Amino acid sequence: MGDVQPLGYLTSVNEPENMQAEAALLGAILTNGRRALPMVEEYLRPEHFYEPLNGVIYAAALRMHMAGVDPNVILIRNQIGDSEVLMGRDVAGYLGQIMMATVGILNAGDYGRAIFDAWTRRQLRSHCIDVARLCLTPGGQTGEDLVEQMEAGLLEIAQNMRESLPNVTISEAIREAIACGQENLLRGSALAGLSWGYPAMDRMTGGLLGEGLYVIGARPAMGKTAFALGVAMRVGASGERVLFWSGEMAARQIGARAGAAYAGLSTLSVFAGRRYDIPEDIETGLRVPLEGWQWQDLQAGEKAAEAVPLELDVRSGLTVAGLRSRARRMKRSKRGLGLIVLDYVGLMHGSDAARRRGRYEEMTEISAGLKSLAKELGIPIIALAQLNREVEKREDKRPTEADLRDSGGLEQDADLVAFLYRDHYYLRKEASGDGLQKRDKETNEQFANRCSEFQFRLQESVGKAQILIRKNRHGGTGSVRMRFDDDSTWFRDECEDPRSPAWVCRDGAA
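Thresholds applied
Residues numbered from 1 in each chain as written. Predicted model: local features only at pLDDT ≥ 70, side-chain atom pairs only at ≥ 80, totals over all residues. Heavy atoms only, no water. Helix = DSSP H or I, 4+ residues; strand = E, 2+ residues; numbered from the N terminus. Buried < 20%, exposed > 50% of the residue type's maximum accessible area, 1.4 Å probe, protein only. Contact = heavy atoms within 4.5 Å. Areas by Shrake-Rupley, 256 points an atom, 1.4 Å probe, with all protein chains shown as cover. Salt bridge = Lys/Arg side-chain N within 4 Å of Asp/Glu carboxyl O. Pairing = 2+ DSSP bridges. Core = buried A, V, L, I, M, F, W, Y, C linked by side-chain atoms within 4.5 Å. 1 Å grid on protein atoms, 1.4 Å probe; cavity = no way out; pocket = protein on both sides within 12 Å on 5 of 7 lines; lining within 4 Å. Points joined across faces, edges and corners; volume = space filled by probe spheres on them. Nonpolar A, V, L, I, M, F, W, Y, C, P; charged D, E, K, R; others polar. Axes fitted to C-alpha atoms, helices over the stretch in contact; angles between N-to-C directions. Parallel < 35°, antiparallel > 145°, perpendicular 65-115°, else oblique. Left-handed = near helix turned anticlockwise from the far one by under 90°. Expected span 1.5 Å × (residues − 1). Polar contact = N/O pair within 3.5 Å; in protein donor to acceptor, adjacent residues only side chain to side chain. Phe/Tyr/Trp six-rings, centres within 6.5 Å; stacked < 30°, edge-to-face > 60°.

Draft legend 1. Main features of the overall build of the chain. Scanning the chain from N- to C-terminus turns up 19 helices and 9 strands. Split into buried and exposed, the 510 residues of the chain put 44% on the buried side. Counting only contacts in the chain whose residues sit at least 6 apart along the sequence, the fraction spanning at least 24 positions is 68%. Looking at the chain as shown, the accessible area adds up to about 26500 Å², and 52% of this sits on carbon and sulfur atoms.

Draft legend 2. Examining the pattern of salt bridges more closely. Taken as a whole, this structure holds 25 salt bridges when the rule is applied. For Arg 326, the salt bridge is made with Asp 313, and the minimal N-O distance between the two is 3.2 Å. A residue pair is termed long-range when its members are at least 10 positions apart, and Arg 326 in helix H13 (residues 320-332) and Asp 313 in strand S3 (residues 310-313) qualify at 13 residues. What makes Arg 326 partly exposed here is its relative accessible area of 27%. Each of Arg 234, Arg 492 and Glu 496 takes part in salt bridges that share partners, so that together they form one network.

Draft legend 3. Structural detail: unusual backbone geometry. At the junction of Asp 343 and Tyr 344, the peptide bond is cis and its omega measures out at -5° in the coordinates. Within the fold, Tyr 344 resides in the loop between strand S4 (339-343) and helix H14 (352-357). If you check the backbone angles, Ala 221 has positive phi at about 70° while not being a glycine. Take Ala 221: it is sitting in the loop between strand S1 (213-218) and helix H9 (224-237).

Draft legend 4. Up close: the pairing of strand S6 (residues 416-421). Of all 6 residues that make up S6, 6 are buried, and the element is covered over most of its length. Here S6 shows a buried face lined by Leu 416, Ala 418 and Leu 420 and a second buried face lined by Val 417, Phe 419 and Tyr 421. Relative to S6, S1 is paired through 4 bridges, and the arrangement is parallel. Among the inter-strand pairings, Val 215 is bridged to a residue of S6, identified as Val 417. When S6 meets strand S7 (residues 464-472), the two strands line up antiparallel, connected through 6 bridges. If you follow Phe 419 over to S7, its bridge partner there is Leu 468.

Draft legend 5. Just the nonpolar core, in detail. The biggest cluster of nonpolar side chains holds 84 residues, and the ones touching the most others in it are Phe 227, Ile 340, Met 348, Leu 370, Ile 382 and Trp 503. In terms of residue count, H9 provides more of this core than any other element does, 9 residues in total. Residues Val 40, Leu 44, Ala 108 and Ile 115 belong to the second largest nonpolar core, which totals 32 residues.

Draft legend 6. Spotlight on empty space enclosed by the protein. Enumeration over the complete set of coordinates arrives at 1 cavity of 30 Å³ or more. If you add up the space inside the largest cavity, you get close to 30 Å³. Every residue lining the largest cavity is listed: Thr 205, Gly 207, Leu 209, Tyr 214, Asp 415, Leu 416, Asn 472 and His 474. Grouping the amino acids of the lining of the largest cavity by side-chain chemistry returns 3 nonpolar, 4 polar and 1 charged.

Draft legend 7. Structural view of the packing of helix H1 (residues 19-36) against helix H5 (residues 108-135). Running from amino to carboxyl end, H1 crosses H5 at an angle of 135°, the nearest separation of the two axes being 9 Å. Comparing the axis directions of H1 and H5 gives the class oblique. The handedness of the crossing between H1 and H5 comes out as left-handed. Along its contact with H1, which presents Ala 21, Glu 22, Ala 24, Leu 25, Ala 28 and Ala 36, the element H5 presents Ala 108, Tyr 111, Gly 112, Ala 114 and Ile 115. Looking at the contact of H1 with H5 residue by residue, the class counts come to 9 nonpolar, 1 polar and 1 charged.

Draft legend 8. Local environment of the environment of Glu 494. Looking at where Glu 494 falls in the secondary structure, it is placed in the segment after strand S9 (490-493). Taking the C-alpha atoms as reference points, Glu 494 and Pro 199, separated by 295 residues in sequence, lie 9.2 Å from one another. With near-sequence residues (within four places) excluded, Glu 494 lies in contact with Arg 481, Met 482 and Arg 483.

Draft legend 9. Here's a closer look at helix H2 (residues 52-66). For H2, built from 15 residues, the straight-helix expectation of 21 Å at 1.5 Å per residue is met to within 8% by its first-to-last C-alpha distance of 21 Å. Of the positions making up H2, those classed as buried are Leu 53, Asn 54, Gly 55, Ile 57, Tyr 58, Ala 59, Ala 60, Ala 61, Leu 62 and Met 64. Residue Glu 51 occupies the N-cap position of H2, its side-chain oxygen lying 3.0 Å from the main-chain nitrogen of Leu 53. The positive-phi residue at the C-terminal boundary of H2 is Gly 68, with phi of around 85°.

Draft legend 10. Quick peek at the packing of H2 against helix H3 (residues 73-80). At a minimum axis separation of 10 Å, H2 and H3 run at an interaxial angle of 110°. Here H2 is positioned roughly perpendicular relative to H3, judged by the angle of their axes. Handedness of the H2/H3 crossing: right-handed. Touching Val 56, Ile 57, Ala 60, Ala 61, Arg 63 and Met 64 of H2 are Leu 75, Ile 76, Gln 79 and Ile 80, all from H3. Of the residues assigned to the contact of H2 with H3, the class counts are 8 nonpolar, 1 polar and 1 charged.

Draft legend 11. A look at the sheet that holds S4. Here 9 strands make up an open sheet; going across it, the order is S3-S2-S4-S5-S1-S6-S7-S8-S9 and the pairing mixed. The sheet is open, and its two edges are formed by S3 and S9, each paired on a single side. Going across the sheet, the axis of each strand differs from the next one's by a mean of 25°, ignoring polarity. Of the strands in this sheet, S1, S4 and strand S5 (381-386) are in contact with helix H15 (residues 359-377), which crosses S5 at around 165°.

Draft legend 12. Region of the structure containing the packing of aromatic side chains. Across all of its chains, the model carries 11 aromatic pairs by this definition. Aromatic side chains Tyr 43 and Phe 116 sit 5.9 Å apart centroid to centroid with 90° between the ring planes, which places their arrangement in the edge-to-face category. Pair noted here: Tyr 43 is in the loop between H1 and H2 and Phe 116 is in helix H5, with a separation of 73 residues, a long-range link. Per residue, the accessibility class of Tyr 43 equals that of Phe 116, and both read buried. Where Trp 196 meets Phe 227, the ring centres are 6.2 Å apart and the plane angle is 35°; that geometry is what we call tilted. With Trp 196 in the loop between helix H7 (170-186) and helix H8 (199-205) and Phe 227 in helix H9, this residue pair connects regions lying 31 residues apart in the sequence. On the basis of relative accessible area, Trp 196 is assigned to the buried category, the value being 0%. Site record: aromatic cluster; members linked through ring pairs are Trp 196, Tyr 198, Tyr 214, Phe 227, Phe 484 and Phe 491.

What follows is the structure, encoded as structure tokens:
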């Protein structure tokens, strides 16, 4: 053998490796591969070995095991042949020394985990060195780019680590589910997860479950941001810390919406400081300034929001890596993190490689990343989605899953897919256009009846909205009726008093 020491360290102490574990595992496999390999084959791959020859031996043993053949020294030697990793070494002698040094198969699983741990450390070291080198490259990437590259690499390493987790038995899974139910019962909650802040949605879904990805789709002007902000404010008011990302609104615009909802004003009134709920002044043609009590209501809303742990992220072009970095820091902090809301997912960016493959592939990567993040943090994520224009071309404009724009795997990854729909929006649009036109062969009486019916539908639709639940992994599907205030752009439960506070904090303070 001479030149190969399987139980020694062939590398610099600066390079993480565990040659003793590699030799011990291979020895266990050569002794009894039928028992040893099942302990590690699920997660341990040939590239995880530091010594290339050990990786080649392990790969050969895996192939035999999958073919139903017990690995042994002779068969492995024949399979390896003249592999370039041999470099003139005596493989038969090397395998023999491993066999003689084996300490049995009982600890094969421990050896595999030690090898995987050393590989993980090498990956971390290599990634850190690469980023450090880029930090010293003049005129290269920006600091923000380097941070995202660092986070993306760490995310990939973390995902590889999660893939190595052992299976869970069905009895353990049932035990965890029972414990979750008992915990909710002790808390006095009738829900399986966080409350949406809207009782009708809670009744239909059982609440926002941890690890769930909730996709809410709608056409522009249907109220996506209004609904998402309403959920975020009400979940925050219950005491849960919320992260709200907006890819198209500044912080003050989101703040104006919340303040307007609390004070019962239009968002435009907040920015202009003038009343839009009454006509313009006849003499000046200007809007009347807000009155003192209305300013006081806005200030009361600001005060009430101080008790809501809702944080806004208004960075443009957010990536999953960037979101994950911030969310993990929040989750680890003393205040924790209970919910993430994304407005909207179509404005997020995927990796450069996914972007080059096209928008569909980019969205597929983003969707999978969001689902992975929800599972990692154990919290629900609400992702708003824009719908394509095909909805507008149909007579029945109620959306379906097929209307999700560039959705990629969004529909497949989501635990719940729902759509916002307001009949009043389309009826008002129709009324403000060319209006109803008399049809061919339609009598005057028939036309008058149709116009009368249209006006009735238009009036009946004022302030009404629906949330159409099309997919729900943990419950039923159907329609949830809501109320929508056009002026303050705020959703309320159908049975909720329209004059009630936009949100109520857990301690009772509105």
